[in-house]
Amino acid sequence: MTFSFRRKKAGNSRKNGIPETNPAMELTIPSHFRCPVSLDLMKDPVTLSTGITYDRESIEKWIESGNETCPVTNQILPSFDLIPNHAIRKMIQDWSVENKSYGIDRIPTPKVILNSYDISDICSKIRVASKRGDAHKCRELVRKINVCAKESERNKVSIIENGVGYVLSASFEAFTTLSMEKHEGLLEDILSTLIWIFPLGSEGQSKLASPTSLRCMAVLLKSKDLSTKQNAVLVIKELLYLDHQRASALLEIDEDVLESLLHLIKEPICSTSTKANSLMAIYYIVSLPKTSEIVTSKIVQLGIISLLLEILVDSEKNLCQRALGVLDSLCSSYAGREKARGNALTVPVIVKKILRVSAAATEFCVSILLKLCENGNGNVLIEALEVGGFQKVLVSLQTGCAEKTKAKATELLKLMNQNRKKVNCFESSVELRYLKKSY
């Protein structure tokens, strides 16, 4: 194959009196520099298990198309690993430099592409470093993993698929056992790596959910570094999501974890996603049947009810739904109900959010109102009626809500109807038909 290139003009040729010439020049690319599939100059030569070298882009397209054979030899490929051919690449780069005058640009050195052997080697070195307590070496390897992951999406996928998550989780547990204070930098690096590897397998989860690992994450939640706290809350949220029962273990290790999570929500510079993660972690903790009234009372005293109502007043739907979930769980306790009833915003805001956020949020709203009306609390019912609660709950029934929500909404409507005479309520024809049918 030949390509025609024009030599670049000599910048000073006219000044030197040399006549300008620009002859067409033909340059032949050596055959072993060309990809057997595309027949173009290889930019990132890689070798298959059959010993044939191809350009990475071309052979990857061949394999991704479902082919399982070597294009040249037609042999079945026992492995799809692509080994970088550094020797050929270096020769192509040297040849490109030598023929620069023909307009050939030097091909750049390709980004690092990890194969399963490379990842296995890194994992083995991390295990050895963890056993020896060599934090410096382990941290160096963790940073290498992050660099490679940023190089390409393919690297990231390979890292996730080859069990790096478990190895890092085991290393995290090992170094927390040795000394949290001494190895804080390494532990922070591991945690920041794990957040893009989640979800982990059961073995990796067990390492991160061990008492020493949970204690470390509770400590990191109190770090002065915001990114460290954000990473810690994300990992905690993921662990609790995968197994709600871990919330009890976390509380036993550090009762102040709820206060730490609350501080993150209050932090003005915290991202919306971090606040959402903190709310979810609090939800998993307070919604657990084993969570004591003492623990719930403590977080209520810290001002969580007013904070949740502030979120509901002016936040996006995703955050509102989580805030409603937490408020619903807190209203299951005496302290939570009393605090919610004492806040003038509670009933108007809850009624307003019915049908305006999501189906799950509407269920939370109905449940909250029902809990606040416990023992026939007339004040809450009258206030709900005054701000249009009857109509909103009625519409939620008519829009085909879930059976669980339907049962609660029906019960709430009955309680409201018993108090309608105390409020100047004017029934619409739809409401009158519903009341006639139901009662």
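The paragraphs below set out a description of the structure included in this document.

Definitions and limits used
- Residues numbered from 1 in each chain as written.
- Predicted model: local features only at pLDDT ≥ 70, side-chain atom pairs only at ≥ 80, totals over all residues.
- Heavy atoms only, no water.
- Pairing = 2+ DSSP bridges.
- Helix = DSSP H or I, 4+ residues; strand = E, 2+ residues; numbered from the N terminus.
- Salt bridge = Lys/Arg side-chain N within 4 Å of Asp/Glu carboxyl O.
- Buried < 20%, exposed > 50% of the residue type's maximum accessible area, 1.4 Å probe, protein only.
- Axes fitted to C-alpha atoms, helices over the stretch in contact; angles between N-to-C directions.
- Parallel < 35°, antiparallel > 145°, perpendicular 65-115°, else oblique.
- Contact = heavy atoms within 4.5 Å.
- Nonpolar A, V, L, I, M, F, W, Y, C, P; charged D, E, K, R; others polar.

The next subject is the sheet that holds strand β4 (residues 53–55). Ordered by their spatial adjacency, three strands build an open sheet running β4-β3-β5, and the pairing between neighbours is antiparallel. Each edge of the sheet is formed by a strand with only one pairing partner; in this case those strands are β4 and β5 (83–84). Pairing between strand β3 (residues 45–47) and β5: two bridges, direction antiparallel. The residue of β5 that forms the bridge with Val-46 is Pro-84.

It is possible for side chains of opposite charge to pair when their charged atoms get near one another. Within the structure shown, the criterion is met by 17 salt bridges. Close ionic contact of Asp-254 with Lys-222 constitutes a salt bridge, the shortest N to O distance being 3.1 Å. You can see Asp-254 sitting in the loop between α11 (246–253) and α12 (257–266) and its partner Lys-222 sitting in the loop between α9 (211–220) and α10 (226–242), a full 32 residues away along the chain. Owing to a relative accessible area of 13%, Asp-254 belongs among the buried residues under this scheme.

Our next topic: the packing of helix α6 (residues 164–178) against α9. It is at 9 Å that the axes of α6 and α9 come closest, and there the two elements cross at 80 degrees. The angle between the axes of α6 and α9 places the two elements in the roughly perpendicular class. Across from Phe-172, Glu-173, Thr-176 and Thr-177 in α6, the residues of α9 making contact are Thr-212, Ser-213, Cys-216 and Met-217. The residue makeup of the contact of α6 with α9, split by class, is three nonpolar, four polar and one charged.

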